[in-house]
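# Results of the structural survey
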Amino acid sequence: MDKEREKDIQALCEAVLATNIDLNHNSGHNWCPFCWSETYSEEMENVEHKQDCAYLIAKDLSTKQ
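Below is a summary of the structure that appears in this document. (Residues numbered from 1 in each chain as written. Predicted model: local features only at pLDDT ≥ 70, side-chain atom pairs only at ≥ 80, totals over all residues. Heavy atoms only, no water.)

### Some remarks on the environment of I9
Which entries qualify depends on this criterion: Strands here mean DSSP runs of E at least two residues long; helices mean DSSP runs of H or I at least four residues long; both are numbered from the N terminus. Only protein chains enter the accessibility calculation, which uses a 1.4 Å probe; a residue whose area is less than 20% of its type maximum is buried, one above 50% is exposed, and one in between is partly exposed.
Along the chain, I9 turns up in helix 1 (residues 3-17). A residue is classified by how much of its surface remains accessible, and I9, at 23% relative accessible area, is partly exposed. Between the C-alpha atom of I9 and that of S27, which follows or precedes it by 18 residues, the distance is 36 Å.

### Remarks on unusual backbone geometry
Non-glycine residue W36 carries a positive phi angle of around 65 degrees. A relative accessible area of 53% places W36 in the exposed class.

### Topic: the side chain of N30
Inclusion rule: Think of a polar contact as two N or O atoms within 3.5 Å of one another; within protein, one of them needs to be a possible hydrogen donor and the other a possible acceptor, and neighboring residues in sequence only count if both atoms come from side chains. The contact criterion used throughout is that any non-hydrogen atoms of two residues lie within 4.5 Å.
Along the chain, N30 turns up in strand 1 (residues 30-31). At 3.2 Å, the side chain of N30 and the backbone nitrogen of N24 are in polar contact. Polar contacts involving the side chain of N30 include one to the main-chain carbonyl oxygen of Y40, which spans 3.4 Å. Not counting chain neighbours up to four residues away, the residues in contact with N30 comprise I21, D22, L23, N24, S37, E38, T39, Y40, S41 and E42.

### Topic: the nonpolar core
The line we're drawing: Here the nonpolar core consists of buried residues drawn from Ala, Val, Leu, Ile, Met, Phe, Trp, Tyr and Cys, with membership extended through side-chain atoms lying within 4.5 Å.
Counting 11 residues, the largest nonpolar core is built from C13, V16, L17, I21, C32, C35, M44, V47, C53, Y55 and A58. Mapped by element, the contributors of at least two residues to this core are helix 1 and helix 2 (54-61). Sequence-distant contacts of C53, defined by excluding residues within four places in its chain, comprise C32, F34 and C35.

Okay, structure coming up:
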């Protein structure tokens, strides 16, 4: 893979990993904006993501995690 493409992939991974969980302050239920897995957590890393979730794919592809 060429260096420019790898740089783009890492930038995309960083953007996905920097995404915040969708919060619903009224119900207390929150969810991942990529796979819609519900949680009470306010942290993306604490969500039980679906296997094909973009967050997990980005985490796997990222060389910085």
